[in-house]
Amino acid sequence: MIPRYTPADFEQLWSPRRKYLAWLDVELAACEAMERAGIVPAGTAAQVRPVADRIDPDRIDAIELETRHDVIAFLTHVEELAGPPARWLHRGMTSSDVLDSSFALLLVEATDKLIARTDALLDAFRARVQEQRKTPMIGRSHGIHAEPTTFGVALAGHYAELARGRARLVAARSEIAFGKIAGAVGTYAHLTPAIEADALGKLGLTPETVATQIVPRDRHAVLASAMAVVAASVERFATNVRHWQRTEVLEAEEPFAKGQKGSSAMPHKRNPILSENLCGLARVVRAAVVPALENVALWHERDISHSSVERMMMPDATATLAFMLDRTKRLIEGLVVYPENLKRNLEKTNGLWASEGVLLELVHKGLARQAAYVLVQRNAMRAFAGEAPFVTLLEADADIRAHLSAEEIRAQFDLGHALAHCDVIIDRALAS
């Protein structure tokens, strides 16, 4: 994580102190469960708990220089602070009981923060969809003018995609909320499943079905994949903004604040830097997917080839996606829409967007589809070359007029007909 792209709450969440406090939470929850099971003296956890305020990450790091083992360094420091009662901590446990259960706690919290940010982004999109639901624009395929739509429909597509992404995050949160307190290789040799269920239940986690010595990493891969899809959805919106803002198009653009500068060399520039930044950051989030999948295949009951990878990638991916969601919310809220330019671009091809309607009307009149296609296309190509408006050429074409009246031709250029079902599309998206 680097400060530029790390929200403050994620900086705190993934800080060394927060990590060690999560470790302590797991140890104390296990200790309390063992107290209730009668295998640890009553009141032990209560005696140790006050050391939380004095946990010193620097001291733990110093101890680790000698022990070369982070959990032993942590337990040594806690024993320094708490004295004899701390000897009961970690009874029958292995390091992964602490590491994986605490990691689950942090990932659940991170995912909750991502879901909350996605909700805020969806609210912002909803407002702009409603505002722009009636604003006509030309739809494009392959970047080329196709048929009319509305700017509201375009935004509604992004809304619906983000709503699906939210559902995936919620599902991934359920997948990741599993821990283990089952000891070495997960067989409860010195513990019991009841102690594990008691301790993890207090932490809001579920015992892993078959833990081996770790929580299986397919769960983490699901979360990484869900985050990557949300990042890709953000990138798709950002890519559209970049195209809408092109000088030749200028249908919408990012907000440009007073005093903002676009170029160190060219004072006139208003660049889509927010959108370009989002496209770049999406690559960082997506980059976590392959390592997360590779972390699934570990040796036998465990190895630690996954450990270094996820210590880096999960804080980076969660924090970066959080930053992206915050930035995208500001982008959609401040997006400047130019209805007059949308209208101008819609009319730029002199009605070529009506070609399918004319084609279908000819078919309805009895003409073979491919024959009708040839008639419409030859006039479309002449209109494309600038000879005359498309409707004028169609009305002057004797082969077409043999089947369609002028009124029937002009009816296909009715924008209201072309956009008749846009409200249904938008309402369906917002209902999701």
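Residues numbered from 1 in each chain as written. Predicted model: local features only at pLDDT ≥ 70, side-chain atom pairs only at ≥ 80, totals over all residues. Heavy atoms only, no water.

Caption draft 1: Seen up close, the overall build of the protein. Broken down by element type, the protein carries 20 helices and six strands. Here the C-alpha atoms of the protein give a radius of gyration of 30 Å, more than 25% beyond the 22 Å that 2.2 N^0.38 yields for 432 residues. Principal axes of the C-alpha set define a box for the protein whose edges measure 100 × 55 × 35 Å. Counting over 432 residues, the protein shows a buried share of 50%. Here the contacts in the protein between residues at least 6 apart in sequence split such that 74% fall between residues at least 24 apart. (Helix = DSSP H or I, 4+ residues; strand = E, 2+ residues; numbered from the N terminus. Rg over C-alpha atoms; globule rule 2.2 N^0.38 Å. Buried < 20%, exposed > 50% of the residue type's maximum accessible area, 1.4 Å probe, protein only. Contact = heavy atoms within 4.5 Å.)

Caption draft 2: Local environment of the packing of aromatic side chains. Inspection of the entire model under this criterion finds ten aromatic pairs. Arranged with centres 4.7 Å apart and planes meeting at 55°, the rings of Phe151 and Trp244 form a pair that is tilted. With Phe151 in helix 7 (residues 151-176) and Trp244 in helix 9 (residues 218-244), this pair connects stretches of sequence that are 93 residues apart. With respect to burial, Phe151 and Trp244 carry one shared label: buried. Members of the aromatic cluster, connected to one another through ring pairs, are Phe125, Phe151, Phe237 and Trp244. The residue whose ring lies beneath Arg219 is Phe178, and the NZ or CZ to ring-centre distance is 3.6 Å. (Phe/Tyr/Trp six-rings, centres within 6.5 Å; stacked < 30°, edge-to-face > 60°. Lys NZ or Arg CZ within 6 Å of the ring centre and 35° of its normal.)

Caption draft 3: Looking closely at the UniProt feature "domain: Adenylosuccinate lyase C-terminal" (unreviewed entry) in the protein. Following the UniProt record, one finds the feature "domain: Adenylosuccinate lyase C-terminal" (unreviewed entry) at residues 350-430. Taken end to end, residues 350-430 comprises 69% helix and 0% strand; its first and last C-alpha atoms sit 33 Å apart. (UniProt positions renumbered as here; feature names shortened; annotations may be inferred.)

Caption draft 4: Region of the structure containing the layout of surface pockets. Of the volumes computed, that of the largest pocket is approximately 1,100 Å³. Along the wall of the largest pocket there are 37 residues; nearest its centre are Gly139, Arg140, Ile144, His145 and Ala146. For the lining of the largest pocket, the elements supplying multiple residues, two or more each, are strand 1 (136-141), strand 2 (144-150), helix 7, helix 9, helix 14 (355-364) and helix 15 (369-384). No other element matches helix 15, which puts seven residues into the lining of the largest pocket. The residue inventory of the lining of the largest pocket, partitioned by class, reads 17 nonpolar, twelve polar and eight charged. (1 Å grid on protein atoms, 1.4 Å probe; cavity = no way out; pocket = protein on both sides within 12 Å on 5 of 7 lines; lining within 4 Å. Points joined across faces, edges and corners; volume = space filled by probe spheres on them. Nonpolar A, V, L, I, M, F, W, Y, C, P; charged D, E, K, R; others polar.)

Caption draft 5: Here's a closer look at the domain arrangement of the protein. Taken domain by domain, the protein consists of domain 1 (1-91), domain 2 (93-253 + 262-342) and domain 3 (344-431). Centre-to-centre separation of domain 1 and domain 2, based on C-alpha positions: 29 Å. Between domain 1 and domain 2 lies a buried interface of about 2,700 Å² when both sides are counted; carbon and sulfur atoms form 70% of it. Applying the counting rule to domain 1 against domain 2 returns five salt bridges. We note a salt bridge from Asp198 to Arg36, for which the minimum N-O separation is 2.9 Å. Counting every contact that joins domain 1 to domain 2 gives eleven residue pairs in polar contact (both at pLDDT 80 or more). Elements represented by at least two residues in the side of domain 1 that touches domain 2 include exactly helix 1 (8-13), helix 2 (16-37) and helix 5 (70-82). When residues in the side of domain 1 that touches domain 2 are grouped by element, the largest group, 13 residues, is from helix 2. A per-class count over the side of domain 1 that touches domain 2 returns 16 nonpolar, three polar and nine charged. (Domains from an automatic or database assignment. Buried area = accessible area lost by both parts, 1.4 Å probe. Salt bridge = Lys/Arg side-chain N within 4 Å of Asp/Glu carboxyl O. Polar contact = N/O pair within 3.5 Å; in protein donor to acceptor, adjacent residues only side chain to side chain.)

Caption draft 6: Spatial organisation of the nonpolar core. Formed by 107 residues in total, the largest nonpolar core has its most connected members in Phe74, Val78, Phe151, Met227, Trp244, Leu321 and Met324. Those residues in contact with Val78 that lie beyond four places of it in its chain are Leu24, Val48, Val51, Ile55, Gly83, Ala86 and Leu89. With 23 residues, the next largest nonpolar core counts Ala354, Leu367, Val376 and Ala383 among its residues. (Core = buried A, V, L, I, M, F, W, Y, C linked by side-chain atoms within 4.5 Å.)

Caption draft 7: Summary view of the environment of Leu191. Locating Leu191 in the fold gives a position in the loop between strand 3 (178-179) and helix 8 (193-203). Between the C-alpha atom of Leu191 and that of Tyr373, which follows or precedes it by 182 residues, the distance is 76 Å. Apart from the residues within four sequence positions on either side, Leu191 is in contact with Met34, Arg91, Gly92, Met93, Ile181, Ala182 and Gly183.

Caption draft 8: The arrangement of helix 2 in detail. For helix 2, built from 22 residues, the straight-helix expectation of 32 Å at 1.5 Å per residue is met to within 8% by its first-to-last C-alpha distance of 32 Å. Following helix 2 by one or two positions, Gly38 adopts a phi angle in the positive range, close to 85°. (Expected span 1.5 Å × (residues − 1).)

Caption draft 9: Summary view of the pattern of salt bridges. Under the defined criterion, the tally for this structure stands at 30 salt bridges. Here Glu32 ties to Arg49 by a salt bridge, and the two come within 2.5 Å at their closest N and O atoms. One end of the pair, Glu32, is in helix 2; the other, Arg49, is in the loop between helix 3 (44-48) and helix 4 (57-67), with 17 residues separating them in the sequence. According to the relative accessible area criterion, Glu32 is partly exposed, its value standing at 24%.

Caption draft 10: Molecular detail of the environment of Phe256. Of note, Phe256 is situated in the loop between strand 5 (252-253) and helix 10 (273-286). Each C-alpha atom of the pair Phe256 and Val229 lies 29 Å from the other, and the pair is 27 residues apart in sequence. Look past the residues within four positions of Phe256 in its chain and what remains in contact with it is Lys261, Gly262, Lys269 and Arg270.

Caption draft 11: Quick peek at the pairing of strand 2. Relative to strand 2, strand 1 is paired through five bridges, and the arrangement is antiparallel. Bridging from a neighbouring strand, Pro136 pairs with Thr150 of strand 2. With antiparallel pairing between neighbouring strands as the criterion, strand 1 and strand 2 make up a hairpin whose turn holds two residues, including His142 at a positive phi of roughly 60°. (Pairing = 2+ DSSP bridges.)

Caption draft 12: Quick peek at unusual backbone geometry. One non-glycine residue, His142, adopts positive backbone phi at about 60°. Residue position: His142 is located in the loop between strand 1 and strand 2. Relative accessible area serves as the criterion here: at 82%, His142 is assigned to the exposed category.

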